[in-house]
Amino acid sequence: MKKVIFSVLVIIVVILCSFAVLCFQSPKTLPDGTIEIDFMKDRPNWLASRILYNYVLKKLDKTPKEAKEFANIEPKYVAAYFVDLNNDGKKEIIGYVGSTFYMGSAGYSLFILQKKAERYEDIAGFINFEPLKNLYVTNRIFNGYKVIVYYGSVAFKFSKLTVYYNGQLYFSRDTLKLFEEYMRDFANYDVSEITDIKE
């Protein structure tokens, strides 16, 4: 009887430890203190991912079933991590939702959630990134928050950085400028150059 009780206790402890590891999974910290997030290889933090998923459901005003039918938004396609961006001891959430609803020509929307009072707010303003490439939270500080370096999609290959502006949100002028140029080029495309259109 003692062996059975001991075995059950061991199993419970292993399950709780496994759950704790998933809930508190952290991204890799490099020797210089830079935090490296590899969305493709690193296991996402379960709790941060769940908070982001629930945030998206609330923002879209959809149930889990409606979100899945609407844009294939499911917990398994959400990846997020806790990172303290302003050294206040409270961790923000960085992540993305692998749904076409949050994907554009410049990449996927990057979410940066910060807890304000009892709810989370997205403090990321127009940041599209490529989750196939690593994202870096540097030790450089701008307006009290860490500078984030990331890569855009194939259309915007080189690395860009986003900084915290005006005490409100993270913003990338590089991404906005490139997106505006891309849209301008797209809008000025001369359709008459296409010769193989048949009426």
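These numbers come from a predicted model, not from an experiment.

Asks: Lay out the pattern of salt bridges with the relevant residues and their values.
Replies: Under the criterion given, the structure shown has four salt bridges. The closest approach of N and O atoms between glutamate 36 and lysine 28, which form a salt bridge, is 3.0 Å. According to the relative accessible area criterion, glutamate 36 is buried, its value standing at 11%. A residue is classified by how much of its surface remains accessible, and lysine 28, at 47% relative accessible area, is partly exposed. For glutamate 121, the salt bridge goes to arginine 119, with nearest N and O atoms at 3.5 Å.

Asks: Account for the sheet that holds strand 3 (residues 78-83), naming residues and giving values.
Replies: Strand order across the open sheet formed by four strands is 3-4-7-8, with antiparallel pairing between neighbours. Of all the strands in the sheet, the pair left with one neighbour each is strand 3 and strand 8 (119-122). Direction aside, the axes of adjacent strands within the sheet are offset by 30° on average. Where strand 7 (residues 111-116) lies against strand 8, four bridges are found, and the strand directions are antiparallel.

Asks: Talk me through the environment of leucine 161; I want residue IDs and the actual numbers.
Replies: Mapping leucine 161 onto the fold places it in strand 13 (residues 159-165). Here the alpha-carbon distance between leucine 161 and valine 137, two residues 24 residues apart in the chain, equals 9.6 Å.

Asks: Tell me about the layout of surface pockets, and please be specific about residues and values.
Replies: Considered as a void within the structure, the largest pocket measures approximately 220 Å³ in volume. Contributing to the lining of the largest pocket are Ile51, Asn54, Tyr55, Lys58, Lys59, Glu118, Arg119, Tyr120, Glu121 and Asp122. Breaking the lining of the largest pocket down by element, the ones donating at least two residues are helix 2 (46-60) and strand 8. Looking at the lining of the largest pocket, the element that brings in the most residues is helix 2, giving five residues. Counted by class, the lining of the largest pocket contains three nonpolar, one polar and six charged residues.

Asks: Quick rundown of the nonpolar core? Include the residues and the values.
Replies: Ranked by size, the top nonpolar core spans 23 residues in total, and within it Phe39, Leu85, Ile94, Ile112, Leu135 and Tyr170 carry the most contacts. If you list the elements that add at least two residues to this core, you get strand 2 (35-37), strand 3, strand 4 (92-97), strand 11 (135-142) and strand 12 (145-151). Filtering out sequence-adjacent residues up to four positions away, leucine 85 remains in contact with Glu92, Ile94, Ile112, Val137, Gly144, Tyr145, Lys146, Ile148 and Tyr170. In this structure, Val78, Phe82, Ile93 and Tyr120 belong to the second largest nonpolar core, which totals 20 residues.

Rules and cut-offs
- Residues numbered from 1 in each chain as written.
- Predicted model: local features only at pLDDT ≥ 70, side-chain atom pairs only at ≥ 80, totals over all residues.
- Heavy atoms only, no water.
- Salt bridge = Lys/Arg side-chain N within 4 Å of Asp/Glu carboxyl O.
- Buried < 20%, exposed > 50% of the residue type's maximum accessible area, 1.4 Å probe, protein only.
- Pairing = 2+ DSSP bridges.
- Helix = DSSP H or I, 4+ residues; strand = E, 2+ residues; numbered from the N terminus.
- Axes fitted to C-alpha atoms, helices over the stretch in contact; angles between N-to-C directions.
- 1 Å grid on protein atoms, 1.4 Å probe; cavity = no way out; pocket = protein on both sides within 12 Å on 5 of 7 lines; lining within 4 Å.
- Points joined across faces, edges and corners; volume = space filled by probe spheres on them.
- Nonpolar A, V, L, I, M, F, W, Y, C, P; charged D, E, K, R; others polar.
- Core = buried A, V, L, I, M, F, W, Y, C linked by side-chain atoms within 4.5 Å.
- Contact = heavy atoms within 4.5 Å.

Bear in mind that shape data such as this cannot, by itself, settle questions of function.
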